[in-house]
Amino acid sequence: MPRMLKASIYAGLVAGTIDIGAACAINRVGPGPVLRFIATGLLGAPLPHETWVYCVGMGLQWAMSILIAAIFSAATLKMPALLRHWIAAGVAYGIGVYFVMTFVVVPLSRAKSGHVTLQSFVLNLTAMILFGLIVSFTAQRLTQNRA
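Residues numbered from 1 in each chain as written. Predicted model: local features only at pLDDT ≥ 70, side-chain atom pairs only at ≥ 80, totals over all residues. Heavy atoms only, no water.

1. Things to note about the nonpolar core
- Phe72, Tyr93, Phe131 and Val135 are the most contacted members of the largest nonpolar core, which has 17 residues in total.
- The greatest single-element share of this core, amounting to six residues, is contributed by helix 6 (residues 118-143). (Core = buried A, V, L, I, M, F, W, Y, C linked by side-chain atoms within 4.5 Å. Buried < 20%, exposed > 50% of the residue type's maximum accessible area, 1.4 Å probe, protein only. Helix = DSSP H or I, 4+ residues; strand = E, 2+ residues; numbered from the N terminus.)

Next comes the structure, spelled out in structure tokens:
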């Protein structure tokens, strides 16, 4: 498997799964409501409390996370400094991902998000910075010494 694809899949799955855990902790709920919220982005609400809904939510989370990781990995081909300075790159990427997801993707989806408070802003931004760091670290480790 090509290194860039491997990095994108690994980073997306790990960061996406940890992001679900962070959302659970931030919102003080189990994974069910978080996965249902993600599924409403595609399917709208209301949704039944059935296993397939949670699977759709998890599948969407992983798909989006792998895509986000792939965008970063692709950017490293044009800007190798992102790998040399993976911490700064990961923090910056996480901040960018937060703003795109919060103020572009979610509003354009069928999900109805709540009001953004200072506390939710700080906690969710921190979670996305962690996401960015996982992506940049994984890309740096799995794509080093590439031709």
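2. A look at the side chain of Gln61
- With respect to the secondary-structure elements, Gln61 resides in helix 3 (residues 51-78).
- Of note is the side chain of Gln61, whose polar atom sits 3.1 Å from the backbone oxygen of Gly16.
- Aside from chain neighbours lying at most four places away, what touches Gln61 is Gly16, Asp19, Ile20 and Ile38. (Polar contact = N/O pair within 3.5 Å; in protein donor to acceptor, adjacent residues only side chain to side chain. Contact = heavy atoms within 4.5 Å.)

3. Examining the packing of aromatic side chains
- Applying the stated criterion across every chain, the model contains seven aromatic pairs.
- Taken together, a centroid distance of 5.8 Å and an interplanar angle of 25° make the contact between Phe99 and Phe103 stacked. Remark: Phe103 and Phe99 occur in helix 5 (residues 86-108); sequence separation between them is four residues, near one turn of the helix.
- Relative to Phe121, the ring of Phe99 lies with its centre 6.2 Å away and its plane at 55°, an arrangement referred to as tilted. On the criterion of sequence distance, the pair formed by Phe99 in helix 5 and Phe121 in helix 6 is long-range, its members being 22 residues apart.
- Residue Phe99 is classed as partly exposed on the basis of its relative accessible area, which comes to 36%.
- Taken together, the ring pairs in this structure connect Tyr98, Phe99, Phe103 and Phe121 into an aromatic cluster. (Phe/Tyr/Trp six-rings, centres within 6.5 Å; stacked < 30°, edge-to-face > 60°.)

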